[in-house]
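# Structure at a glance
Letter by letter, the chains look like this.
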Amino acid sequence: MNRKFAVRIVDLSLVAFVAWFAWKQYDQRAPSAEPDAFAANVELEPLRNLAIQDVGRIKSFDSFARGKMKMVGGPYNVDGKEPVFAYLDLMLNPGKYQDKAIIYVKRAIRDDLARAMRESGVSSEAIAKFVKSGLMAPGLYWAPAMQAEFKRLEQDIIRTQKFVNFMSWAMASADAHRLSNDFAVIPAPNGNDKTPWFAGEQLWGLGFMQDGHNHGNDTVGIPGLDDSSKANITGDWNKLVETWRAQDPSGASAAIASLAEHLKAINPSLYPETEKLNLESTYFKLKAFVWVWVVYALAAIPLGMFIAYRIEGALLVGKIGLLVAFGLHTLAIGLRWYISGRIPNANMFEAILASVWFGVLGAFVLEFFARKTNMRGLFYFGSAICAMVAMMCQQFMPTVLKSDIDNVMPVLDDMWLYIHTNMIIWSYALIGIAAIIALLYLRYRLGGGDPSTARVGGAGSLILEGSTPKGDRFLVDEKGSTGKVLDAATMVILELAFVTLWAGLVMGAIWADHSWGRPWGWDPKEVFALCTFVIFIILVHVRIKVRDKGLWTAILAVVGCAVMLFNWIVINFKITGLHSYA
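Report on the accompanying structure. (Residues numbered from 1 in each chain as written. Predicted model: local features only at pLDDT ≥ 70, side-chain atom pairs only at ≥ 80, totals over all residues. Heavy atoms only, no water.)

The helix and strand inventory of the protein chain stands at 23 helices and 4 strands. For the protein chain, with 582 residues in total, the buried portion stands at 50%. The contacts in the protein chain between residues at least 6 apart in sequence include a share of 74% that link residues at least 24 apart. Approximately 27,200 Å² of the protein chain is accessible, and the part contributed by carbon and sulfur atoms is 62%. (Helix = DSSP H or I, 4+ residues; strand = E, 2+ residues; numbered from the N terminus. Buried < 20%, exposed > 50% of the residue type's maximum accessible area, 1.4 Å probe, protein only. Contact = heavy atoms within 4.5 Å. Areas by Shrake-Rupley, 256 points an atom, 1.4 Å probe, with all protein chains shown as cover.)

What follows is the structure in structure tokens.
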């Protein structure tokens, strides 16, 4: 096989992978829902902007419902309905969903459950739809064959138990009693910002439940709530239940508006500003800005053209596109920061969002220093691709990377969260950018490129600019060696990654000593963070000793990125440790 043919195979494979990925996302789109005139005409806006307490945090009901319904339907809207409507409908009309495919099952156990479905008499067409979408009817969960299969799968602790647990959580999240119990929309009349809110059922009881039980007068009552407010809120709720079940959009809309006003009047001092609740709802309506990956992708195209053909106009267009994407990215982080009241870096979704933001910001800084060299455009391109891939994961893996805004875990509520964590995730972004530039170098070499190596490289190539030693004029010459330029750019990023990762590890040890009483404990996350650092220590020494410095630098940059991703993904989601929350 000649080299040109091998290069074409690599390029075509990349195009085929992108096309396959796009098709899979289209093919796994949500099943179409039947038109619903009531859902289309009921006015839910007052309910969206209602405040609710969830795990100690006050959030908009719209944000809360999205999180809960995501637990039920995974990446799909429950029965094709938007989350606020689905939450109320599941709570008030649970019977109509027993035979509807709304419970999301992860792919790992679908084939096993499909066999149990055949034993339960489910049609082949329905089973095929289940295997494709992963959606199952709640009523099927209790079939004897299904229960037997669940018990078998639960016994495999390593491979399948967690997926059965995920499905059990989905079932619990769709339960009308659970939804009612979580409906904590009544602020404590005489409480403060630390006082738990009350679930509505504590005031109006469970008499509205359609579960075949006579609950009678099972209210608990709300301490400090005056009789007038109690009568107004209970009346509004009863009216809402009546009109909702009667499919009366105007009546339900009026009841929702009245209920929202009366709830806000209970303790106005505890109620968040309406603008903030509206902003939180808007943030999630905009899908938490994860679609910004498209803007990064559009920016990467002209930047790639500039790197390949040195078209100055393409660099300008790419730079403007990247600036727009970075602006939207910054807006997303700013909104999340304002809504949550803390720096957004406390969970995986936020860490990825912040990591690539630091990466793009760093690229702008590096491009300023590299503006007179042939490295210009490479840092823009690497950061654009890195941000694009990261935000694609956020959009297409919503059940793994949840965009819900929650309080910081107590163990993380420390100033070192903002120091150690940000330094580590910044180093991860730099490692990703270095790997992308290294892959460009490997592609260049595969195509028969010159094996020559940058003599200066790294930070030295930026500091010396045009005064580089003889033999390193490639950084400023009009026709500099492509291989040398890519090698030098890779070293720039790797040096920064080396320093930031080392600093992050040291700061992590300080935090560990502060929080857990020891700087090192052989936790899986600690071990593989150190392994990533060791890869780059090896890289430094290999570059000194080997002849083909550029090739081995690129290979080890990619290997280092792979180890980093293993640490960030596999260790976080597959292996339990002290850092399982990070």
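Let us now look at the nonpolar core. Tyr283, Tyr296 and Phe379 are the most contacted members of the largest nonpolar core, which totals 84 residues. Excluding its chain neighbours within four sequence positions, the residues that come into contact with Phe379 are Ala363, Leu366, Glu367, Ala370, Ile437, Ala489, Val492 and Ile493. Membership of the second largest hydrophobic core comes to 75 residues, among which are Ala176, Trp197, Phe198 and Ile266. (Core = buried A, V, L, I, M, F, W, Y, C linked by side-chain atoms within 4.5 Å.)

Right, let's get into the state of the cysteines. One pass over the structure, following the stated rule, counts 0 disulfides. Unpaired in this structure, Cys561 has its nearest cysteine sulfur neighbour in Cys386, at a distance of 7.4 Å. (Disulfide = S-S within 2.5 Å.)

Across a regular strand the side chains alternate sides, sitting on one face of the sheet and then on the other. What you see with strand β1 (residues 51–54) is no split at all: Ala51 and Gln53 on one side and Ile52 and Asp54 on the other are buried throughout. Summarising the sheet, β1 and strand β2 (residues 57–60) pair through 4 bridges and their orientation is antiparallel. Across the sheet, the residue bridging to Gln53 is Ile58, located in β2. In this structure, the hairpin formed by β1 and β2 is closed by a connection of 2 residues, where Val55 is found at a positive phi of approximately 50°. (Pairing = 2+ DSSP bridges.)

Right, let's talk about helix α16 (residues 312–340) for a bit. Helix length check: α16 (29 residues) gives 42 Å between terminal C-alpha atoms against 42 Å at 1.5 Å per residue, within 8%. Directly beyond the C-terminal end of α16, a positive phi value near 75° is found at Gly341. (Expected span 1.5 Å × (residues − 1).)

Time to look at a nonpolar patch on the surface. Taken together, the side chains of Val294, Leu298, Ile301, Met305, Tyr309 and Ile311 make up a nonpolar region of the molecular surface, amounting to roughly 600 Å² of accessible area. Mapped onto the secondary structure, Tyr309 falls in helix α15 (residues 292–309). (Patch = residues over 30% accessible without salt bridge, like charges linked within 9 Å, V, L, I, M, F, W, Y side chains within 5 Å. Salt bridge = Lys/Arg side-chain N within 4 Å of Asp/Glu carboxyl O.)

If you trace the backbone, Ala188 turns up in the loop between α10 (176–181) and α11 (201–204). Residue Ala188 is classed as buried on the basis of its relative accessible area of 5%. With 34 residues separating them in the primary sequence, Ala188 and Ile222 have C-alpha atoms 7.7 Å apart. Setting aside residues no more than four positions away along its own chain, Ala188 makes contact with Thr195, Pro196, Trp197, Phe198, Asn267 and Leu270.

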